[in-house]
Each structure stands twice: as C-alpha cells, then as structure tokens.
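Architecture and fold: a report
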Amino acid sequence: MATAGAPTPELPGHDAPETAYVDEEIVACDGGIGALGHPRVFLNMEGKGFVDCPYCDKRFILNEGAGGGGH
Ligand SMILES: [Zn+2]
C-alpha cells in the first residue's frame, strides 16, 4: 500500500491536490463531499508530521505546536 522509502521521509516533492492543517496526528479522511469521496479512513502520521491519504492524495500536515492549544 504505502511506498517504500527512507525511514525518515521528508515532504514529498510533488504537489498534493489539497492540503489540510490539523492539530492531531491521527486524522480521518473521506475524500470530501460528493463523487470525489471515498470510504473513511484513519491516517496516522506516526511522528512524521504529515500524512498523505492513499485514496485521494490529500495531505494532512500537523500544525506546529499542536496539542498545546485550548479548545
Ligand atoms: Zn482522502
């Protein structure tokens, strides 16, 4: 599923079709609204600070200082 790569990957060079900044390492993606949607999946950044959705290639990036903010 995931492409093999370096143990500490950097941000891929290609342009993601869409990016979203989030406050948690684990995010859920369902591709958005409408025909572009896909089954909801949970993505874990696993300390990398970002993760790309394998379905729609949307990139989720962890906000700096995430976890310390108020609600
Ligand atoms: Zn997605």
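Above this text you will find the structure in question.
Residues numbered from 1 in each chain as written. Predicted model: local features only at pLDDT ≥ 70, side-chain atom pairs only at ≥ 80, totals over all residues.

1. Details of the overall build of the protein chain
Along the backbone of the protein chain there are zero helices and five strands. Ordered by position from N to C terminus, the α and β elements of the protein chain give β-β-β-β-β. By residue count, 11% of the 71 residues in the protein chain fall in the buried class. In the protein chain, once contacts between residues fewer than 6 apart in sequence are set aside, the share between residues at least 24 apart is 48%. (Helix = DSSP H or I, 4+ residues; strand = E, 2+ residues; numbered from the N terminus. Buried ≥ 20, exposed ≤ 12 C-beta atoms within 10 Å, placed from the backbone. Contact = placed C-beta atoms within 7 Å.)

2. Some words on the sheet that holds strand β4 (residues 50-52)
Here three strands make up an open sheet; going across it, the order is β1-β5-β4 and the pairing mixed. Of all strands in the sheet, those bounded by a partner on one side alone are β1 (19-22) and β4. Pairs of neighbouring strands in the sheet enclose a mean axial angle of 20°, with direction left out of account. (Pairing = 2+ DSSP bridges. Axes fitted to C-alpha atoms, helices over the stretch in contact; angles between N-to-C directions.)

3. Considering the environment of N63
Within the secondary structure layout, N63 lies in the segment after β5 (59-62). Put simply, N63 and D23 are 40 residues apart on the chain and 5.5 Å apart in space, counted from C-alpha to C-alpha. With sequence-adjacent residues up to four places away left out, N63 is seen in contact with Y21, V22 and D23.

Spatial relationships are all this shows, so hold off on functional conclusions.
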